[in-house]
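Remarks on the overall topology
The residues making up each chain are set out below.
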Amino acid sequence: MELIERNKNLMKKFETMINTADDRLADELIANDATFLTPASPEPLCGGKGYLSLVHWMRKGFSNVQWHIKDMVVDNEKVAVNWTLTGTHDGEFMGAKATGKNISVSFMNFYYINENGKFTKDIAAEGMIGIFLQLGLLK
C-alpha cells in the first residue's frame, strides 16, 4: 500500500482511537517511545497510554468531547490535521468550574509517523486559547 494512503488510514484510525479512548488502538497506532508535550502534564507523555491520558484529562472537563477531522494533508512521514473539537463543559477544566457551555474549537496538529506505521510525535498549534475564549475564561 502506498505510504500516503497508509497514513490517511492511520489518521482515521487515530480519530477513532481518541474518540473512544481505545487502549488496543493506542497500542497499535502509537510507538512506545513516542513523547507528547501537553498542558495536561508538566512531563512529556509517552506511548499510547500517555497519549490516552490526555484524552481522559479532556473528558474530565468535557465528558462528551469528540475530535473530528475537518481536513488533512498527508505525505510519506507526516500528517497535518485541522480538527474540530466539540464538547460540553460539564466538569472542572484547568481550575475552571463547569459552565455547561457547548464548545466547538478548531485545532491544528502535525503528526509524525515512523517506518513501522506508528505515530512518534504530535506537534499541536495553540487551540486551547479557543476553549478559554468560548468558556469566557479570558477577557
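Structural data are supplied above this passage.
For clarity, every value in this text was computed on a predicted model and none was experimentally measured. (Residues numbered from 1 in each chain as written. Predicted model: local features only at pLDDT ≥ 70, side-chain atom pairs only at ≥ 80, totals over all residues. Heavy atoms only, no water.)

Thoughts on the pattern of salt bridges
For clarity, the cut-off: Here, a salt bridge means any Lys or Arg side-chain nitrogen found within 4 Å of an Asp or Glu carboxyl oxygen. A run of H or I in DSSP counts as a helix once it spans at least four residues, and a run of E counts as a strand once it spans at least two, with each numbered from the N terminus. Between buried and exposed lies partly exposed: a residue is buried under 20% and exposed over 50% of the maximum accessible area for its type, with that area taken using a 1.4 Å probe on protein chains only.
Counted under the stated rule, the structure contains four salt bridges. E5 serves as the salt-bridge partner of K8, at 3.4 Å between the closest nitrogen and oxygen. Within this pair, K8 and its partner E5 are both found in helix α1 (residues 3–20), separated by three residues, close to a single helical turn. Residue classification places K8 among the partly exposed residues on the basis of a relative accessible area of 30%. Residue R24 pairs with E28 through a salt bridge whose shortest N-O separation is 3.3 Å. With R24 and E28 both in helix α2 (residues 23–29), this residue pair falls four residues apart, about one helical turn.

Focus: the pairing of strand β3 (residues 66–74)
The cut-off we apply is this: Strands were regarded as paired on the criterion that DSSP finds at least two bridges between them.
Bridge analysis of β3 against strand β4 (residues 78–88) gives eight bridges, and the strand direction is antiparallel. For M72, the partnering residue across the bridge sits in β4 and is V81. Joining the antiparallel neighbours β3 and β4 is a turn of three residues.

Quick word on the packing of aromatic side chains
Here is the rule: Pairing of aromatic side chains requires ring centres within 6.5 Å, counting the rings of Phe and Tyr and the six-membered ring of Trp. Pairs whose planes differ by under 30 degrees are stacked, by over 60 edge-to-face, and all others tilted.
Using the criterion set out here, one finds eight aromatic pairs in the structure. An angle of 65° between the planes, with centres 5.2 Å apart, marks the rings of F14 and Y51 as edge-to-face. Of the two residues, F14 is situated in helix α1 and Y51 in helix α3 (residues 47–61); the sequence distance between them amounts to 37 residues. As far as burial versus exposure is concerned, F14 and Y51 are alike and both buried. Ring centres of Y111 and F119 lie 5.8 Å apart, and the angle between their planes is 80°; this geometry places the pair in the edge-to-face category.

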